[in-house]
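# Coordinate inspection notes
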Amino acid sequence: MKKTRRMAYSRRIREPGFMRSDLPGDANLDGSVDASDFNVWNSNRFRPDAGWCSGDFTSDGAVDVGDFNI
Ligand SMILES: [Ca+2]
């Protein structure tokens, strides 16, 4: 199962302009959700102009508690 997710990740990041993971919370796009992803979210929390790789997992343009709860 994990290998399948990583394969999906690898396929998606090759598509131009598409920088997000199939795995909710995977900010650094490494195929797992761990302390590194929390650190990304924590470093960018309350940032208003964010994207997936900054911790905006809900795609509302801000890094907030909604993203933390993912
Ligand atoms: Ca990750």
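Being a predicted model, the structure only gives us computed values, none of them experimental.

Calculation criteria
- Residues numbered from 1 in each chain as written.
- Predicted model: local features only at pLDDT ≥ 70, side-chain atom pairs only at ≥ 80, totals over all residues.
- Helix = DSSP H or I, 4+ residues; strand = E, 2+ residues; numbered from the N terminus.
- Buried ≥ 20, exposed ≤ 12 C-beta atoms within 10 Å, placed from the backbone.
- Contact = placed C-beta atoms within 7 Å.
- pLDDT = per-residue confidence, 0-100.

## Considering the overall build of the chain
The helix and strand inventory of the chain stands at 3 helices and 0 strands. Listed N to C, the secondary structure of the chain is α-α-α in terms of helices and strands. The burial tally for the chain puts 16% of its 70 residues in the buried class. Across the chain, every contact between residues at least 6 apart in sequence was considered, and the portion connecting residues at least 24 apart equals 22%.

## Quick word on the environment of glycine 31
Turning to its location among the elements, glycine 31 is positioned in the loop between helix H1 (2-13) and helix H2 (35-44). Spatially, the C-alpha atom of glycine 31 lies 7.5 Å from that of serine 21, the residues being 10 residues apart in sequence.

## A closer look at unusual backbone geometry
Although it is not a glycine, leucine 29 adopts a positive phi angle of roughly 60°. Looking at the secondary structure, you find leucine 29 in the loop between H1 and H2. Leucine 29 gets classed as partly exposed once you count the C-beta atoms within 10 Å, which come to 16. Despite not being glycine, phenylalanine 46 shows a phi value in the positive range, around 70°.

## Section: the environment of glycine 25
Here glycine 25 is to be found in the loop between H1 and H2. Between the C-alpha atom of glycine 25 and that of isoleucine 70, which follows or precedes it by 45 residues, the distance is 6.2 Å. Sequence-distant contacts of glycine 25, defined by excluding residues within four places in its chain, comprise Val33, Asp37, Phe57 and Ile70.

## Here's the deal with the confidence of the model for the chain
Any region with low pLDDT has predicted coordinates that should not be read closely. Here the chain averages 82 in pLDDT, while 74% of its residues score no lower than 70. Of all secondary-structure elements in the chain, the lowest mean pLDDT belongs to H1, at 50, while H2 reaches the highest, 96. In this model residues 10-16 is a low-confidence stretch, pLDDT under 50, and it forms 4 contacts with partners more than four residues away in sequence or in other chains.

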